[in-house]
Amino acid sequence: MPDPQNQGSAKLPPHRYRLNVPRADEAVVAWMELQDNQSLSMRTLIRESIERHGYVDIVNRPVVQLPVRAEVEGPSAPNAKPAEPPSPGPQEAPGGEVDVNDLFTRLRR
């Protein structure tokens, strides 16, 4: 009879979970098919979620309102403004350096 003190830790069977993905959810189906190890990939995503959000029910976690951004209006939008000519690239400072503040100002437009 084996001595229980010398056996070390017995290997526990893994928890088994079942994941159902509707066929209509094409993005998830395509992502799952690209994974070499679906179980490890899902566990990695869960760990990343825990790092970012903590131990919460991810579906019912609180919503954080993002700052309001101006909508991009297309040419067919009502009250659309005429298109502005493209602005020149960032201004180069003496020595060939780009002014970072000018670059950020242009990106915000």
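In this text, all values refer to a predicted model and were calculated from it rather than measured experimentally.

1. Digging into the overall build of the protein chain
At step 1: A count of helical and extended segments in the protein chain gives three helices and zero strands.
At step 2: What you see in the protein chain, going N to C, is helices and strands ordered as α-α-α.
At step 3: For the protein chain, the residues scored as buried account for 4% of the 109 residues in total.
At step 4: Nonlocal contacts in the protein chain, meaning residues at least 24 apart in sequence, comprise 0% of its contacts between residues at least 6 apart.

2. Here we look at the layout of surface pockets
The gaps of empty space that remain are located by a probe, the size of a water molecule, rolled over the atoms.
At step 1: Each pocket or cavity is described by its volume, and for the second largest pocket that value is around 400 Å³.
At step 2: In terms of lining, the second largest pocket is formed by His15, Arg16, Tyr17, Arg18, Leu19, Met32, Gln38, Ser39, Met42, Arg43 and Ile46.
At step 3: Here the lining of the second largest pocket is built from residues that sort into five nonpolar, three polar and three charged.

3. Side note on the confidence of the model for the protein chain
At step 1: In the predicted model, the protein chain carries a mean pLDDT of 78, and 63% of its residues have values of at least 70.
At step 2: The element-level mean pLDDT for the protein chain is lowest in helix 3 (residues 100-108), coming to 70, with helix 1 (residues 26-34) highest at 96.

4. Focus: the side chain of serine 41
At step 1: For serine 41, the location among the structural elements is in helix 2 (residues 38-53).
At step 2: Setting aside chain neighbours within four positions, we find serine 41 in contact with Trp31 and Gln35.

5. Considerations on the packing of helix 1 against helix 2
At step 1: Between helix 1 and helix 2, the shortest axis-to-axis distance is 9 Å and the interhelical angle comes to 120°. When the interaxial angle is binned, helix 1 and helix 2 end up oblique. Contacts between helix 1 and helix 2 pair Trp31, Met32 and Glu33 from the former with Gln38, Ser41, Met42 and Leu45 from the latter.
At step 2: The class makeup of the residues in the contact of helix 1 with helix 2 is four nonpolar, two polar and one charged.

Reading guide: rules and limits
Residues numbered from 1 in each chain as written. Predicted model: local features only at pLDDT ≥ 70, side-chain atom pairs only at ≥ 80, totals over all residues. Heavy atoms only, no water. Helix = DSSP H or I, 4+ residues; strand = E, 2+ residues; numbered from the N terminus. Buried < 20%, exposed > 50% of the residue type's maximum accessible area, 1.4 Å probe, protein only. Contact = heavy atoms within 4.5 Å. 1 Å grid on protein atoms, 1.4 Å probe; cavity = no way out; pocket = protein on both sides within 12 Å on 5 of 7 lines; lining within 4 Å. Points joined across faces, edges and corners; volume = space filled by probe spheres on them. Nonpolar A, V, L, I, M, F, W, Y, C, P; charged D, E, K, R; others polar. pLDDT = per-residue confidence, 0-100. Axes fitted to C-alpha atoms, helices over the stretch in contact; angles between N-to-C directions. Parallel < 35°, antiparallel > 145°, perpendicular 65-115°, else oblique.

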